[in-house]
Amino acid sequence: MIRFGWLVFALGFALSNSDDSTKASDLSHISKPTKGQDLKPTVLAVFLARNKAHALPFFLGYFERLDYPKDRIFIWIHTDHNEDETARLLEEWRDGVASLYQRIDFISSSDVVYDALGVSDWTTERFEHLLRLRERALVAARERHVDYVLVREFDYEHRRR
């Protein structure tokens, strides 16, 4: 069973130690409100996917139908070590919707960074790799000055040796 829950991080505490010397001009890529208009908070949606081609069409369809302004959403996608069509599906989806969202970063890698016995094997190295990816996503959030981060990890079978 795949969990479609979101892990929500309020970045207020994380942003408090960011560089205060950032100028307003550095934030020009974010929509500015017009008089009388209240903009919704900016969000970075993080997708960490591996070997989930069977579930991606459902999830991405649901994500596209969210009732939230797409110009307030940044997307950060990382996929690696796939033995199915996950990378291709994510790349095709990105190409089809890129103009709707504030920005989409897509990273696909086939470099092996841990020694796993199979797709469900969770070694210490694999856990550390996932933690590094989460940290990179939070760095991206800080760089984009987003208000919230939503993380969706598609690897759900966590088994330690």
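Structure: see above.
Model, not experiment: these values are computed from the prediction.

Asker: What exactly am I supposed to notice about the overall build of the protein here?
Answerer: If you tally the helices and strands in the protein, you get 4 helices and 5 strands. Starting at the N terminus and ending at the C terminus, the protein contains elements arranged as β-α-β-α-β-α-β-α-β. Per-residue burial for the protein yields a buried fraction of 39% across its 161 residues. Long-range pairs, those at least 24 residues apart, make up 83% of the contacts in the protein with a sequence separation of at least 6. Surface accessibility of the protein: about 9,500 Å² in total, with carbon and sulfur atoms responsible for 53%.

Asker: Looking at this model, I keep getting lost on the packing of aromatic side chains. Mind explaining?
Answerer: To describe a pair of aromatic rings, you give the distance between the ring centres and the angle between the ring planes. Taken as a whole and assessed by the stated rule, the structure comprises 7 aromatic pairs. Ring plane angle 90 degrees and centroid distance 5.1 Å describe the contact between Phe47 and Phe63, whose orientation is recorded as edge-to-face. On the criterion of sequence distance, the pair formed by Phe47 in strand S2 (residues 43–49) and Phe63 in helix H2 (residues 56–64) is long-range, its members being 16 residues apart. Exposure class is identical for Phe47 and Phe63. Each is buried. Three or more aromatic residues joined by ring pairs form one cluster here, namely Phe47, Phe59, Phe63, Trp93 and Tyr101.

What counts as what
Residues numbered from 1 in each chain as written. Predicted model: local features only at pLDDT ≥ 70, side-chain atom pairs only at ≥ 80, totals over all residues. Heavy atoms only, no water. Helix = DSSP H or I, 4+ residues; strand = E, 2+ residues; numbered from the N terminus. Buried < 20%, exposed > 50% of the residue type's maximum accessible area, 1.4 Å probe, protein only. Contact = heavy atoms within 4.5 Å. Areas by Shrake-Rupley, 256 points an atom, 1.4 Å probe, with all protein chains shown as cover. Phe/Tyr/Trp six-rings, centres within 6.5 Å; stacked < 30°, edge-to-face > 60°.

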